[in-house]
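# Geometric and topological summary
Listed below are the residues making up each chain.
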Amino acid sequence: MRCCQNRNCHVTRRGFTMIELLVVIGIVALLAALLLPAIQQAREAGRRTQCLNNLKQITLGMHNYQGDFRCFPPGHVDSIFFGQAHFAALPSKYVANTVINGAKTVTTVNDWFMDGGWGWHAFMLPYLDQGSVALDFSLEKFSSYDASQTSPSPYPSPNEQYIRLNIPYYVCPSAQNLPANRPGIGPSKNWAYSTYRGCIGAYDTNPMYVSNGSNKISGTIPPDQLNPNTPRAPNGMLYRNSAVKSTDVTDGTSNTILIGDSLFGYWADQRSCCVRVWDDPLHPDLWDTYWLVYAVPELPPIGPWPTYVDWPPNPLIFYQFFSYGSNHAGNLACFALVDGSVRSVSKGIAMNVFKAISTRNGALRSYVTGTNIENVTADW
């Protein structure tokens, strides 16, 4: 055996110096920083693809509905059971990144008024593999839920057990800040969301009362400021008591919106069914916006119906609306067209082009003098 006679003889073991370790850590961090946006973009692309697939499935279901009933489903149908309505305090406030009067802001929704009627979401359930949701549309049980605000309810509806069911096709994967704790009472507690809305069309209602979500604005537009060529009635695909057929779409099924991305709503709420595309002095925004419409009841409740929580003493009822919009990256929102195709649309689309693809029947042909803004092409 060989032995080293020199006490200074030793084996040198080389390791990483502190500087080398810091350099390696820095390189790894740099690579991670470069890779993270790519991962996030890939995830968002997957969410956008899933959103488009949801819209595709809903549109196919609507065409199957048309095959059975010879028209697309109604946008919404009011409940004739007059007292069924509900003013609910949201257990968990909904916060949305919105645009109000052209400026980005954050909107907090504290309350939600929900009618007892039905929108197209409810009528489409059997065509979206939701046959087990046995909604009863008979006359005496038409309303989606009871509004008595008590549990157990003196006016129970067999439909209450269903409106809390989450329907995967109705929620965009990119939807953010949807609170887990949702309004409702008894069997209907925790209403289920929907982030897709149908297209009512592009027309001006000149509302008497409107709010941007913070300050109520009242009044009307002076008659001399009204364009005589401005449409005044629904001209889209889905609206109150609608029964639109494919043959009613004279502007081209590949250039007409059927449904699209919105920020928030409930599938059992008929007022969450649709969007009216228009800009006016009281409601100037087209994308990612929120507003309230105040309605004065014409008659008080008659008979032993449940009572509106805010009526009396407050005679005003408000309905909440969100415009088209989304949380997709790239300033995009997803839409389904009448022909069954789906596509992402830039929120920077020209205002009049967006209005044009929201109508089905030449309603805007004379809106801008000397032009036919509905003569859009596939390049929009």
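Residues numbered from 1 in each chain as written. Predicted model: local features only at pLDDT ≥ 70, side-chain atom pairs only at ≥ 80, totals over all residues. Heavy atoms only, no water.

## Some details on the pairing of strand β13 (residues 342-346)
Filter applied, for reference: Two strands pair if DSSP finds at least two bridges between them. The secondary structure listing takes helices from DSSP runs of H or I that are at least 4 residues long and strands from runs of E that are at least 2 residues long, numbered from the N terminus.
Sheet topology note: the strand β12 (residues 332-337)/β13 ladder contains five bridges and is antiparallel. Bridge assignment links Ala 336 to a residue of β13, and that residue is Val 342. Hairpin remark: β12 followed by β13, antiparallel, with four residues in the connecting loop; positive phi at Gly 340, about 100 degrees.

## Focus on the side chain of Asp 269
Rules: Under the scheme applied here, a residue whose accessible area is under 20% of the maximum for its type counts as buried, over 50% as exposed, and between as partly exposed, the area being computed with a 1.4 Å probe on protein chains only. Residues scored as charged are limited to Lys and Arg (positive) and Asp and Glu (negative), so that His and the chain ends carry no count. Any Lys or Arg side-chain nitrogen found within 4 Å of a carboxyl oxygen on Asp or Glu counts as a salt bridge. Here a polar contact is recorded for every N or O atom pair within 3.5 Å, except that within protein the pair must consist of a potential hydrogen donor and a potential acceptor, and residues adjacent in sequence are included only if both atoms are side-chain atoms. Residue contacts follow a heavy-atom distance rule, with two residues in contact if any of their heavy atoms lie within 4.5 Å.
Within the secondary structure, Asp 269 sits in the loop between β8 (257-261) and β9 (274-276). Here Asp 269 occupies a buried position and makes no salt bridge, while the nearest side chain of opposite charge, Arg 271, is found at 5.9 Å. At 3.0 Å, the side chain of Asp 269 and the side chain of Trp 112 are in polar contact. Discounting chain neighbours no more than four positions away, the residues touching Asp 269 are Trp 112, Phe 113, Met 114 and Asp 115.

## A closer look at the environment of Pro 183
On the secondary structure map, Pro 183 appears in the loop between α2 (120-123) and β5 (196-201). The sequence separation of Pro 183 and Trp 112 amounts to 71 residues, and the corresponding C-alpha distance is 8.3 Å.

## Some details on unusual backbone geometry
The backbone phi angle of Asn 101 is positive, close to 55 degrees, even though this residue is not glycine. Mapped onto the elements, Asn 101 comes out in the loop between β2 (85-100) and β3 (103-115).

## Description of the packing of aromatic side chains
As a reminder, the rule being used: Stacked, tilted and edge-to-face pairs are distinguished by plane angle, under 30 degrees for stacked and over 60 for edge-to-face with tilted covering the rest, among Phe, Tyr and Trp rings (Trp via its six-membered ring) whose centres lie within 6.5 Å. We count a charge as sitting over a ring when the NZ of a lysine or the CZ of an arginine lies within 6 Å of the ring centre and within 35 degrees of the ring normal.
Overall, the coordinates contain 22 aromatic pairs when judged by the stated rule. Between Tyr 65 and Tyr 127, the ring centres sit 5.7 Å apart and the planes meet at 65 degrees, which makes this aromatic pair edge-to-face. Taken together, the residues span a long stretch of sequence, with Tyr 65 in helix α1 (residues 18-69) and Tyr 127 in the loop between α2 and β5 at a distance of 62 residues. Here Tyr 65 falls in the buried class, since its relative accessible area comes to 10%. Measuring from ring centre to ring centre gives 5.7 Å for Trp 118 and Phe 137, while their planes differ by 85 degrees; the resulting arrangement is edge-to-face. Separated by 19 residues along the polypeptide, Trp 118 in strand β4 (residues 118-119) and Phe 137 in the loop between α2 and β5 bring together distant segments of the chain. A residue is classified by how much of its surface remains accessible, and Phe 137, at 35% relative accessible area, is partly exposed. Among the aromatic side chains, those forming a connected cluster through ring pairs are Tyr 94, Trp 112, Trp 191, Tyr 193, Phe 264, Tyr 266, Tyr 290 and Phe 322. The ring of Tyr 203 carries Arg 276 above its face, with NZ or CZ at 5.8 Å from the centroid. Lys 355 extends its terminal NZ or CZ atom over the ring of Trp 278, reaching a point 3.8 Å from the ring centre.

## Concerning the confidence of the model for the protein
As a reminder, the rule being used: One number per residue, pLDDT, summarises how confident the predictor is, and it ranges from 0 to 100.
Predicted confidence across the protein gives a mean pLDDT of 80, with 74% of residues reaching 70 or more. Below a pLDDT of 50 lies the segment residues 208-219, which in the model reaches 31 contacts outside its immediate sequence neighbourhood of four places, other chains included. Within the model, pLDDT remains below 50 along residues 297-315, and this stretch shows 33 contacts once partners closer than five positions in the same chain are excluded.

## Examining the environment of Leu 364
The topology assignment puts Leu 364 in the segment after α3 (351-357). Owing to a relative accessible area of 0%, Leu 364 belongs among the buried residues under this scheme. For Leu 364 and Ala 202, which are 162 residues apart along the polypeptide, the C-alpha to C-alpha distance reads 8.3 Å. Apart from residues no more than four positions distant in its own chain, Leu 364 is found in contact with Ala 202, Pro 231, Trp 278, Lys 355, Ala 356, Thr 359, Ile 373 and Glu 374.

## Quick look at the pattern of salt bridges
Using the criterion set out here, one finds five salt bridges in the structure. The salt bridge partner of Asp 78 is Arg 240, with a shortest N-O separation of 2.6 Å. Taken as a pair, Asp 78 in the loop between β1 (76-77) and β2 and Arg 240 in the loop between β7 (216-218) and β8 lie far apart in primary sequence, 162 residues in all. Asp 78 gets classed as partly exposed once you look at its relative accessible area, which sits at 23%. Its relative accessible area of 48% is what places Arg 240 among the partly exposed residues. Residues Lys 347 and Asp 288 are paired through a salt bridge, measuring 2.7 Å at the closest nitrogen-oxygen approach. Residue Lys 347 is located in the loop between β13 and α3, and its partner Asp 288 is located in the loop between β9 and β10 (290-295); the two are separated by 59 residues in the primary sequence. As far as the burial class goes, Lys 347 and Asp 288 line up, both buried.

## Looking at the layout of surface pockets
Keep this limit in mind: Only protein atoms enter the calculation, which uses a 1 Å grid: trapped sets of points that fit a 1.4 Å probe without letting it out are cavities, open sets showing protein on both sides within 12 Å along at least five of seven lines are pockets, and any residue with an atom within 4 Å of a point is a lining residue. Grid points are joined across faces, edges and corners, and a volume is the space filled by probe spheres set on the points.
Approximately 320 Å³ is the volume attributed to the second largest pocket. The wall of the second largest pocket is formed by 15 residues, among which Val 99, Lys 104, Asp 288, Asn 331 and Lys 347 lie closest to the centre. The greatest single-element share of the lining of the second largest pocket, amounting to three residues, is contributed by β2.

## Concerning the nonpolar core
The test is simple: The criterion is simple. A nonpolar core is a set of buried Ala, Val, Leu, Ile, Met, Phe, Trp, Tyr and Cys residues joined through side-chain atoms within 4.5 Å.
In terms of nonpolar packing, the biggest core is built from 54 residues, with Met 62, Trp 112, Trp 120, Tyr 170, Ile 259, Trp 267 and Phe 322 touching the most fellow members. Per-element accounting of this core gives the leading share, six residues, to α1. Setting aside anything within four residues of it in sequence, one finds Ile 259 in contact with Leu 55, Ile 58, Thr 59, Met 62, Trp 120, Arg 197, Gly 198, Leu 238, Phe 335 and Ala 336. Listed in part, the 17 residues of the second largest apolar core include Leu 286, Tyr 324, Phe 335 and Ala 356.

## Quick notes on the side chain of Asn 54
In this structure, Asn 54 sits in helix α1. Setting aside residues no more than four positions away along its own chain, Asn 54 makes contact with Pro 168, Tyr 169, Val 171, Pro 173 and Tyr 196.

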